[in-house]
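Each chain is listed here by its residues.
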Amino acid sequence: MSEKTISQAAEIIQNNQDYTLFSWSKQKNSNPIAVKYAKGVYLYDYDEKRYLDFSSGLMNVNIGHGNQRITEAVTRQMQEVAYVTPSCVTKVRGDLGKKLAEICPGDLNKAFFTLCGATSIDNAIKLARLYTGKHKIVTRYQSYHGASIGAISASGDPRRIPVDAQQAPNFVHFDLPYLYRWEYGEENLLKETVAQFERMIAYEGPGTIAAILLEGESGSSGCFQYPKGYLQKVREICDKHGILLIMDEVMSGFGRTGNWFGFQNHDIVPDMIAMAKGLTSGYLPFGCLMVSDKIASKFDDAILPLGLTYSAHPVCCAAALETLKIYEDDGLIENAARMGKYVEEKVELLKQKHPSIGNFRTAGLLGCIELVKNRTTKEPMAPFNAKPDEMVVMNKVAAKIRELGMYTFVRWGYIFIAPPLCVTKEQIDEGLAIISQAIAIADEHVN
Ligand SMILES: Cc1ncc(COP(=O)(O)O)c(C=O)c1O
């Protein structure tokens, strides 16, 4: 490594630290990786150190990094026309809407294009209220839906707590236990959670609830799988009470769980789908709210009071259309299903070696390992919403992961495994070998 590269990397990091703010972190002592370039499942820094990206960025770079088909599609579109107002149309906007209607089940045929996950969620919330004339939005505590005022109020995740005083009204959260920490027998889980859900609806008053908003498969809260059959029951209850069902597919969508959308693992059809992330695989910021014909038709003769300057941005539409083609051409969704199974088999073997692995949950390639101090008591290696002093062991695990050349999302006692969908068995082996070495640190704290 030459002095030149050292000073270049140091200067880049310094400029970022001096002149930009970092999300969800203390600003002092941040230790970011300065990424020079990225290819496939790997990131490379200025020292040519390679990092295996085991969380696909923020679980969004589904097609992998550096795919030049997107660069070419975006460049072509920019050369033709980079921007039109949302009241003009482009070929690519119509083509993308048509493609999404083909992918989505049922009568989910109308796309309202947004900028990201949070703007998809905010618009879903507005539209649900407009359509039903009701006001409450019900979500799960163990959920994250974005950081705008609307989306963070919808989120049950503790990321909302520091801004709780600013929360928007008419959001209700409910608990949905997960199997690993449910003490009353697997056979009772569905029955009890559905009964709990029905009681919550009755207490809130079904006549006040516009929509239930749920992640297609749980993501950053901890990949908490739905009890088998749960979403079908929720669908039935929604239909009974005239409540809309909105699926947040921002993280679980676009092949991540081995299907186009996470809810397809549960055999239901929602009324709206919030999308972002994998829609463009993060190559450009973009999102979409997919709406049923039934909901859209309410606005045939009434004004749709939603709008964004950058709705249906032509360049983002071009990136999205090409991304969807790549999923199909490269068989990435099938690969995600196959590799998800492979990860499960391999983590099963790791469990025999590492007493600190309490549980592994995954849907396709959206999974996480939960570390515990004791398998019998299930005492977590770091508790829910851990304070800094409760993260000492996990911080060491995370530091080891990075030192060994992996980038992934480590939160509380969870290590996420969500590589790009183009990942190979060899790359999974490489990643799990790194995780295994890092988990050895946690094993020493098992009691
Ligand atoms: C399930 C889910 N919904 C919504 C969002 C918000 O997306 P964005 O950060 O693009 O606003 C996220 C982001 O992680 C997410 O995981």
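Residues numbered from 1 in each chain as written. Predicted model: local features only at pLDDT ≥ 70, side-chain atom pairs only at ≥ 80, totals over all residues. Heavy atoms only, no water.

Q: Help me understand the overall build of the protein, please; the structure alone is not making it clear to me.
A: For the protein, the helix and strand inventory stands at 13 helices and 15 strands. Taken against the 2.2 N^0.38 rule, which gives 22 Å for 447 residues, the C-alpha radius of gyration of the protein at 22 Å falls within 12% of a compact globule. Expressed as lengths along the three principal axes of its C-alpha atoms, the size of the protein is roughly 65 × 60 × 40 Å. Across the 447 residues that make up the protein, the buried fraction comes to 54%. Counted over contacts in the protein with a minimum sequence separation of 6, partners at least 24 positions apart contribute 73%. (Helix = DSSP H or I, 4+ residues; strand = E, 2+ residues; numbered from the N terminus. Rg over C-alpha atoms; globule rule 2.2 N^0.38 Å. Buried < 20%, exposed > 50% of the residue type's maximum accessible area, 1.4 Å probe, protein only. Contact = heavy atoms within 4.5 Å.)

Q: What am I meant to see in the packing of helix α11 (residues 332-353) against helix α13 (residues 425-443) here?
A: Think of two packed helices as two axes; the pair is described by the angle between the axes and how far apart they sit. The contact between α11 and α13 brings their axes to 11 Å, and the two run at 30°. Considering their axes alone, α11 and α13 lie roughly parallel with respect to each other. Note on packing geometry: the crossing formed by α11 with α13 is right-handed. The residues of α13 that touch α11, namely those facing M339, Y342, V343, K346, V347, L350 and K353, are K425, I428, D429, L432, S436 and D443. Here the residues of the contact of α11 with α13 are counted per class, giving seven nonpolar, one polar and five charged. (Axes fitted to C-alpha atoms, helices over the stretch in contact; angles between N-to-C directions. Parallel < 35°, antiparallel > 145°, perpendicular 65-115°, else oblique. Left-handed = near helix turned anticlockwise from the far one by under 90°. Nonpolar A, V, L, I, M, F, W, Y, C, P; charged D, E, K, R; others polar.)

Q: Quick question: what am I supposed to make of the side chain of K136 here?
A: Looking at where K136 falls in the secondary structure, it is placed in strand β5 (residues 136-140). Residue class for K136 comes out buried when judged on its relative accessible area of 14%.

Q: Got a minute to help me understand the site of the ligand in this structure?
A: The local shell around the ligand consists of C116, G117, A118, Y144, H145, G146, E215, D248, V250, M251 and K277. At a separation of 2.8 Å, an oxygen atom of the ligand approaches a polar backbone atom of A118. For the ligand, the accessible surface in isolation is 390 Å², of which the surrounding protein chains cover 83%. Its residues assigned to classes, the shell around the ligand comprises five nonpolar, three polar and three charged. (Near = heavy atom within 4 Å. Polar contact = N/O pair within 3.5 Å; in protein donor to acceptor, adjacent residues only side chain to side chain. Areas by Shrake-Rupley, 256 points an atom, 1.4 Å probe, with all protein chains shown as cover.)

Q: In this structure, what is going on with the pattern of salt bridges? I would like to understand it.
A: Here the idea is simple: oppositely charged side chains can pair when their charged atoms come close. Under the definition given, this model contains 17 salt bridges. A salt bridge links D329 to R69; the nearest nitrogen and oxygen atoms lie 3.0 Å apart. With D329 in helix α10 (residues 314-329) and R69 in helix α3 (residues 68-80), this pair connects stretches of sequence that are 260 residues apart. A relative accessible area of 27% means that R69 is categorised as partly exposed. One salt-bridge network, in which partners are shared between bridges, spans R69, E322, K325 and D329. (Salt bridge = Lys/Arg side-chain N within 4 Å of Asp/Glu carboxyl O.)

Q: Would you mind showing me how to read the sheet that holds strand β12 (residues 366-371) here?
A: The strands making up a sheet associate through hydrogen bonds between their backbones, and the pairing can be parallel or antiparallel. Sheet architecture is open: four strands sit in the order β11-β12-β15-β14, paired in antiparallel fashion. The strands lining the two open edges of the sheet, one partner per strand, are β11 (357-363) and β14 (410-411). Alignment of β14 against strand β15 (residues 414-417), held across two bridges, turns out to be antiparallel. Bridging across to β15, R411 finds its partner in Y414. (Pairing = 2+ DSSP bridges.)

Q: Just to check I follow, could you spell out the pairing of strand β10 (residues 287-292) for this structure?
A: Counting buried positions along β10 yields six of six residues, so the element is predominantly enclosed. The alternating pattern of β10 places G287, L289 and V291 on one face and C288, M290 and S292 on the opposite face, and all of these are buried. Relative to β10, strand β4 (residues 108-114) is paired through six bridges, and the arrangement is antiparallel. Pairing of A111 across the sheet is with M290, part of β10. Bridge count between strand β9 (residues 272-275) and β10: four bridges; the pairing is antiparallel. Residue M272 lies in a different strand from β10, and its bridge partner there is V291.

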